[in-house]
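# Structural overview for review
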Amino acid sequence: MEEVDVEPTTTLIPGVGLRQRHVGFEWGTGDILVYETNFKLQGAGSARSGTPSVHVVRKDEDIYSPILRKLFNESHHIFVGLQNIQEDLPSKNKKPQFVSISKNYRSVIRACMEELQQGAVSAQDTSVIAQYSNQVSILLAIELIWNLCEVLFIDAAPAGVLLLHLLDWVRLHKADVDERAREVLQSESPTHHHAYWEVVISFVLQGRMDEARQVLVKQANLQPASRPIYQLMDSLLQKMPIFNPGGTQTLTEFDVKWRHWHEECDRCLQDNSFASNRHLETICKILVGDEDTMLEHKELLGTWYHFLVSRLLYFHPTVKPSELHYYAQSSMDMFLDFRSAPEPLDSILLAAFEFDIHQVIKDCSIALNNWWFVAHLTDLLDHCKLLQSHNLHFGSNLREFLVLEYASGLFSHHSLWQLAVDYFDHCPEFGRVYLELQLERVPLETERKALKVLRICEQRQMNEQVRSICKIMAKRALSNNRLGSALSWSIRAKDAAFATLISERFLQDYCKRGSFSDLDLIDNLGPAMLLSDRLTFLGKYREFHRLYGEKRFTEAAKLLLSLMTAKIAPRSFWMTLLVDALPLLEQKEVIFSVDQTHELMFCLEELTSDNSDGKPEQSAQDEDIESTKLELLRLALARNLAMAIVKEGTVEA
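Let us look at the structure shown here. Because the structure is predicted, anything quoted here is derived from the model rather than measured. (Residues numbered from 1 in each chain as written. Predicted model: local features only at pLDDT ≥ 70, side-chain atom pairs only at ≥ 80, totals over all residues. Heavy atoms only, no water.)

## Some words on empty space enclosed by the protein
Heads up, the rule is: A 1.4 Å probe that fits but cannot get out identifies a cavity on a 1 Å grid over protein atoms alone, an open set with protein on both sides within 12 Å along at least five of seven lines counts as a pocket, and a residue lines either if it has an atom within 4 Å of a point. Grid points are joined across faces, edges and corners, and a volume is the space filled by probe spheres set on the points. In DSSP terms, a helix is any run of H or I states spanning at least four residues, a strand is any run of E spanning at least two, and both are numbered starting from the N terminus. Note on residue classes: Ala, Val, Leu, Ile, Met, Phe, Trp, Tyr, Cys and Pro are nonpolar, Asp, Glu, Lys and Arg are charged, and everything else, Gly too, is polar.
One pass over the full model with this rule turns up two cavities of 30 Å³ or more. By volume, the second largest cavity is sized at about 80 Å³. Lining the second largest cavity are Gly160, Leu163, Leu164, Leu167, Met240, Pro241, Ile242, Phe243, Phe254, Trp258, Leu313 and Pro317. The dominant element in the lining of the second largest cavity, judged by the number of residues it contributes, is helix α4 (residues 161-172), at three residues. Broken down by class, the residue content of the lining of the second largest cavity amounts to 11 nonpolar, one polar and no charged.

## A few points about the nonpolar core
When a protein is soluble and globular, its nonpolar side chains tend to lie buried together. Short version of the rule: Nonpolar core, defined: a set of buried Ala, Val, Leu, Ile, Met, Phe, Trp, Tyr and Cys residues in which side-chain atoms within 4.5 Å join the residues together. With a 1.4 Å probe rolled over the protein chains alone, any residue whose accessible area is under 20% of its type maximum counts as buried; one over 50% counts as exposed, and the rest are partly exposed. Whether two residues touch is decided by their heavy atoms; if any such pair falls within 4.5 Å, the residues are in contact.
Grouped together as the largest cluster of nonpolar side chains are 195 residues, with contacts concentrated most on Trp169, Leu287, Trp304, Tyr314, Phe353, Trp372 and Phe373. The element that contributes the greatest number of residues to this core is helix α3 (residues 126-154), accounting for 13 residues. Setting aside its immediate chain neighbours within four residues, Leu287 contacts Val204, Met209, Met233, Leu236, Leu237, Trp261, His262, Cys265 and Tyr314.

## Here we look at a nonpolar patch on the surface
To keep things clear, this is the line we draw: Surface patches are defined over residues having more than 30% relative accessible area and no salt bridge, joining like charges when they lie within 9 Å and nonpolar side chains (Val, Leu, Ile, Met, Phe, Trp, Tyr) when within 5 Å. Throughout, the Shrake-Rupley method with a 1.4 Å probe supplies accessible areas, and for residues the shown protein chains are the sole cover considered. Should a side-chain nitrogen of Lys or Arg be within 4 Å of a carboxyl oxygen of Asp or Glu, the pair is scored as a salt bridge.
Residues Leu33, Tyr35, Val54 and Val56 make up a contiguous nonpolar surface patch of about 340 Å² in total accessible area. When contributions to the nonpolar patch are tallied by element, the ones reaching two or more residues are β2 (31-40) and β3 (54-58). Along the chain, Leu33 turns up in strand β2.

## Things to note about the packing of α3 against helix α17 (residues 372-383)
Between two packed helices, the angle of one axis relative to the other and the distance separating the axes together describe the packing. Applicable threshold: Think of each axis as a best-fit line through the C-alpha atoms, taken over the contacting stretch in the case of a helix, with angles from 0 to 180 degrees between the N-to-C directions. The cut-offs work like this: below 35 degrees is roughly parallel, past 145 is roughly antiparallel, 65 to 115 is roughly perpendicular, and the gaps in between are oblique.
Between α3 and α17, the shortest axis-to-axis distance is 12 Å and the interhelical angle comes to 10°. Between α3 and α17, the interaxial angle falls into the category roughly parallel. Of the residues in α17, those in contact with Ile142, Ile145, Trp146, Cys149, Phe153 and Ile154 of α3 are Trp372, Phe373, His376, Leu377, Leu380 and Leu381. When grouped by side-chain class, the residues that make up the contact of α3 with α17 number 11 nonpolar, one polar and no charged.

Everything listed here is a matter of coordinates, which is why it stays silent on function.
Below you can see the structure in the form of structure tokens.
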């Protein structure tokens, strides 16, 4: 068995173990049921008394957060859209689409972060505030990693443009500079504010020269004697070359221009041009790429990757993607205290700078508490043709494995399971198998939900699952005495045996009440009545009643007789049919012909002979009723036979 990369975290379950009993568990789709058994621990002391409890342990609590649910819903639409991008387009033409999709994912993350932050502000409960704050910090890390992956892997920016994208990345995730700048500039005396120089240096570290100059000019206006050195610094900041990817300047020309500017900054430092002002001298040292000076302002940088980008900005602005890993590793080593180990986020970002996509996904899978991030990022990278070399040993590629895991987690939620269907649909190897297994576990609390599941199965020709769902719903409807619904489900399941059983119940119900329930269903059975003989009889028997009600007596009589002579009607129902024939036999006009009357007589005699052979014991009252029915039937049949003979004889004459 392959060794795990990290030890699994221990989850403490409150209350478990107090009664000194062994613990049992049962796996669910997205959780585990943990319970105390009746078996005592070996050598257990006195245990506390109390009622044992069943605990639900969930791996992923995020899907139950109403705010994060929006993240899952919105990202689902983006995912489906990504799958529909034409495969036959060249990768070069698809790159802008992939970058746009990546930005869409990040905008959804940002929207959820803002909503969580608002929720934390308005919440009263400290546990809710802590939960929201924790989710915000996780989403911040996710967006930070995704943005870097977008720059390095999806957009794949070349030298020159690469640093511009990294600067945007740092500025986006170091937003406290703008807040501090607002605070300083809105104060009564900005130049005397304790954070004034921190704001200027922060702007310089982020390469925001225009903002730095605007703040510096306030100090220059208050010190006329020092104006020349402020003007010199303003000139250096203004003249700093910035690569323009859309311009005519080549990367080599930019590099030459940047080196001239860098040498000018170095001369100013060597000439002690800013010796009279330590703050301006510090800025000049940063401009020449002095690493020690940058590291003295760790609290302004905040992170080693901010230090990395600032270092590249003033030391090697034309850095190539292949050189990043060296600068990233050395920047992390220089920035982090040797006594402190890197956090999981540091390791993930370092792996990204090393262009080790597989390690990024692996570390994220370990560090994060759900599969949302790794599933969607891996899917996007796979579409960019960046994961082809990473196949797994157990049949599926990395992208499909992660998407399957994420979709399986969604199926444990009462409403998000519908999103998971599309994810399974886009897993060509194992998606259908997973979907079949998961659909079988969806609790069918209502008919509406059952119809949703059924529609999904029918669209994908999952015939076995369709039959299973219909049988479950038919049995449930029958147990609730909803015969119409039960019959409808059994027909949909094409279950002849169950349709026969329900048809019997309909007939029994008719015998008790003298009328049919769910007439609309029975009247519109159509070809479905051929599913079973009993269902055919039910449909035809209802048709007989309809014909009789419409006073189409001849057709009704013919149908009634055919039900008995063709053996469609069960023998137990013959007496009911013969009694139904009585009103037709009593009509003034002859309905049954001589031959038809003989057939009715034959059926009656056959029924009475069967009853006399194996006649169950009946009460005296029931026997009287049966004998009365027989007398009435024989009398009516004899009278009808006589009338039919006379009529047919008259016609022949």
